[in-house]
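Chains, contacts and geometry: an overview
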Amino acid sequence: MAGPAAFEAIAERLDYPMLIVTTAAGGERSGCLVGFSTQCSIDPLRYLLCLSDKNHTYRVARRATHIAAHLLAHDQLELAKTFGARTGDEIDKFSDVAWEAGPGGVPILAAAAGWFAGPIIEQWEAGDHRCFVIDVESAHYAGADRFLSFQCVTDLRPGHEP
């Protein structure tokens, strides 16, 4: 196997953490399930998040000043479904979950196993995603041993067209 098919076979077997990204701008809040992310600097502490250009959160984040990223415990699949299999274009995902306003007004999910947030310091297009780099200024860890990962959500269908 070679070329694009080989890469797809490799990517299907990777098991990276899944995050719920939340943001707010202009009185509108949004959140989505994100698989493409990584720490991109140690000092200063920075994190890169990639949001699909098809979803509601992408459009809100482009206007936002801050983003929060939430890690889920391995058994929090239902929360992942709320933010990954439904679209903010049709429903208010936050009406079914406990949350409070965090740094920069972004929603912080009460049930998250951990979260970090900060101002957006850079953003750019990268294919069908937009990259957002945040300067991590706030964080909370609730002590989960294992986080929800890509292999746990492979059956989840996005709330918007891919």
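Before any of the text, the structure's been laid out above.
Residues numbered from 1 in each chain as written. Predicted model: local features only at pLDDT ≥ 70, side-chain atom pairs only at ≥ 80, totals over all residues. Heavy atoms only, no water.

Counting 20 residues, the largest nonpolar core has Y47, L49, L51, I67, F116 and I134 as its most contacted members. Those elements that place two or more of their residues in this core are β1 (19-25), β2 (28-34), β4 (46-52), α2 (56-61), β5 (66-71), β8 (114-126) and β9 (129-135). Those residues within four positions of F116 in sequence are excluded, and the remaining contacts are Y47, I67, A68, A69, L71, I134, V136, S138 and A139. In this structure, M18, V97, L109 and A112 belong to the second largest nonpolar core, which totals 12 residues. (Core = buried A, V, L, I, M, F, W, Y, C linked by side-chain atoms within 4.5 Å. Buried < 20%, exposed > 50% of the residue type's maximum accessible area, 1.4 Å probe, protein only. Helix = DSSP H or I, 4+ residues; strand = E, 2+ residues; numbered from the N terminus. Contact = heavy atoms within 4.5 Å.)

Among the seven residues that make up β4, six are buried, leaving the element largely enclosed by the rest of the structure. Taken together, the four bridges between strand β3 (residues 37-41) and β4 define a ladder with antiparallel strand orientation. Paired with S41 across the strands is R46, a residue of β4. Where β3 hands over to β4, the hairpin turn is made up of four residues, counted between the paired strands. Relative to β9, β4 is paired through seven bridges, and the arrangement is antiparallel. Residue pairing in the sheet places S52 in a bridge with H129 of β9. (Pairing = 2+ DSSP bridges.)

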